[in-house]
Amino acid sequence: MGYNIAIDGPAGAGKSTIAKKIAKKKGYIYVDTGAMYRAMALFLIREHIKPEETERINEKCKEADISIGYENGEQVVYLNGENVNGYIRTEEVGNMASASSPNPNVRAKLVELQQKLAADADVVMDGRDIGTCVLPDAQVKVYLTADSRVRAERRYKELLAKGENCDLEVIEKDIIERDHQDMTREISPLMQAEDAVLVDSSYLTIDEVVDKIIGLCGD
Ligand code: DC
């Protein structure tokens, strides 16, 4: 088994920014599992499936082949062979990912892919259930969180920078709703693993969080 660092937490806590930096500093592979759920959501949207159509999701998801690769040091997600990185970072896809990710067939498929990736490599993997379910034996587990308002402000700035029209109140409402959906679902809900270290990033800089987590690796 490689050295595995698992980072879980709600949307907007800074997981991907921090996981990427840790991976770079330690020379590990960064695995963004949310991107896999987003690619699956994009597939379902393209199939004109609605978030509430759970039976159709259960069947159709079998037709999506999701894999990942690395181009110029960045993770690329492929959906049936197509690089879909440019399509998965929208609110629509995020909401569909949250709605479809509780589906057992969706999870079984993506968890298997994630476990294979971590089996022989040193990885920093982020998501919702990495410490609790995907990599229960990870050497380092972190539950990274922040205030919902702080997280909404971060998303707001990101979207503004991309030139997307958005409203802070709506984003915060979406974040709270998504947290609720992710934390109350039956299968692999978002929660802190018993042996995970809680890190609140609300009033820490990115580098402070990175150093704190690297400090947990004990080398
Ligand atoms: O981290 P993100 O916003 O890209 O994730 C999108 C959705 O995917 C999120 O609402 C919950 C789901 N997800 C999950 O269920 N399990 C994971 N390991 C990662 C993401």
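Residues numbered from 1 in each chain as written. Predicted model: local features only at pLDDT ≥ 70, side-chain atom pairs only at ≥ 80, totals over all residues. Heavy atoms only, no water.

Undergrad: Before we move on, can you summarise the site of the ligand with the specific residues and values?
TA: Around the ligand sit 16 residues in total, of which Arg-38, Arg-107, Arg-128, Asp-129 and Arg-185 are the nearest. Thr-33 is positioned with one of its side-chain polar atoms (N or O) 3.0 Å from a nitrogen atom of the ligand. Within the contact set of the ligand, an oxygen atom lies 2.9 Å away from a side-chain nitrogen or oxygen of Arg-107. Protein contacts shield 96% of the accessible area of the ligand, which totals 450 Å² for the unbound molecule. Mapped onto the shell around the ligand, the elements with two or more residues apiece are helix 2 (33-46), helix 4 (91-100) and helix 8 (168-184). For the shell around the ligand, the element with the highest residue contribution is helix 2, accounting for four residues. (Near = heavy atom within 4 Å. Polar contact = N/O pair within 3.5 Å; in protein donor to acceptor, adjacent residues only side chain to side chain. Areas by Shrake-Rupley, 256 points an atom, 1.4 Å probe, with all protein chains shown as cover. Helix = DSSP H or I, 4+ residues; strand = E, 2+ residues; numbered from the N terminus.)

Undergrad: Run through the nonpolar core, naming residues and quoting values.
TA: Counting residues in hydrophobic clusters, the biggest one holds 36 residues, and the most contacted among them are Met-40, Ile-66, Val-77 and Met-125. Elements represented by at least two residues in this core include exactly helix 2, strand 3 (66-71), strand 4 (74-79), helix 4, helix 5 (104-119), strand 6 (123-127) and helix 6 (130-134). Looking at which element gives the most residues to this core, the answer is helix 2, with nine residues. When neighbours within four sequence positions are excluded, Val-77 is seen to be in contact with Ala-35, Ala-39, Ile-66, Ser-67, Ile-68, Glu-82, Asn-83, Val-84, Asn-85 and Ile-88. One finds Ile-18, Ile-22, Val-124 and Ile-213 within the second-largest nonpolar core, a separate group that totals 19 residues. (Core = buried A, V, L, I, M, F, W, Y, C linked by side-chain atoms within 4.5 Å. Buried < 20%, exposed > 50% of the residue type's maximum accessible area, 1.4 Å probe, protein only. Contact = heavy atoms within 4.5 Å.)

Undergrad: Please set out the packing of helix 1 (residues 15-26) against helix 9 (residues 206-216) residue by residue, giving values where relevant.
TA: Contact pair helix 1 / helix 9: the axes reach a minimum separation of 10 Å and the direction vectors enclose 55°. Compared by their axis directions, helix 1 and helix 9 come out oblique. The two elements helix 1 and helix 9 meet at a crossing, and its hand is right-handed. In this structure, helix 1 uses Thr-17, Ile-18, Lys-21, Ile-22, Lys-25 and Lys-26 to contact helix 9, whose residues at the interface are Ile-206, Asp-207, Val-209, Val-210, Asp-211, Ile-213 and Ile-214. Of the residues contributing to the contact of helix 1 with helix 9, the split by class is seven nonpolar, one polar and five charged. (Axes fitted to C-alpha atoms, helices over the stretch in contact; angles between N-to-C directions. Parallel < 35°, antiparallel > 145°, perpendicular 65-115°, else oblique. Left-handed = near helix turned anticlockwise from the far one by under 90°. Nonpolar A, V, L, I, M, F, W, Y, C, P; charged D, E, K, R; others polar.)

Undergrad: Break down the environment of Val-111 for me, citing the residues and quoting the values.
TA: Here Val-111 lies in helix 5. Judged by its relative accessible area of 12%, Val-111 falls in the buried class. Considering only alpha carbons, one finds Val-111 and Glu-63, 48 residues apart in sequence, at a separation of 16 Å. For Val-111, the contacting residues outside a window of four places in its chain are Tyr-37, Asp-129 and Val-134.

Undergrad: Outline helix 4, listing residues and values.
TA: Considered for burial, the residues of helix 4 that qualify are Val-93, Gly-94, Met-96, Ala-97, Ser-98 and Ser-100. Close packing links the buried residues of helix 4 with helix 2, helix 3 (54-60), helix 5 and helix 8.

Undergrad: Could you give me a rundown of the sheet that holds strand 8 (residues 197-200), with the residues and numbers involved?
TA: Ordered by their spatial adjacency, five strands build an open sheet running 2-6-1-7-8, and the pairing between neighbours is parallel. Both edges of this open sheet fall to strand 2 (29-32) and strand 8, since each of them pairs with a single strand only. Between one strand axis and the next, the sheet turns by 20° as a mean value, whatever way the strands run. Of the strands in this sheet, strand 2 and strand 6 are in contact with helix 2, which crosses strand 2 at around 40°. (Pairing = 2+ DSSP bridges.)

Take it as geometry only, folks, not as evidence of what the structure does.
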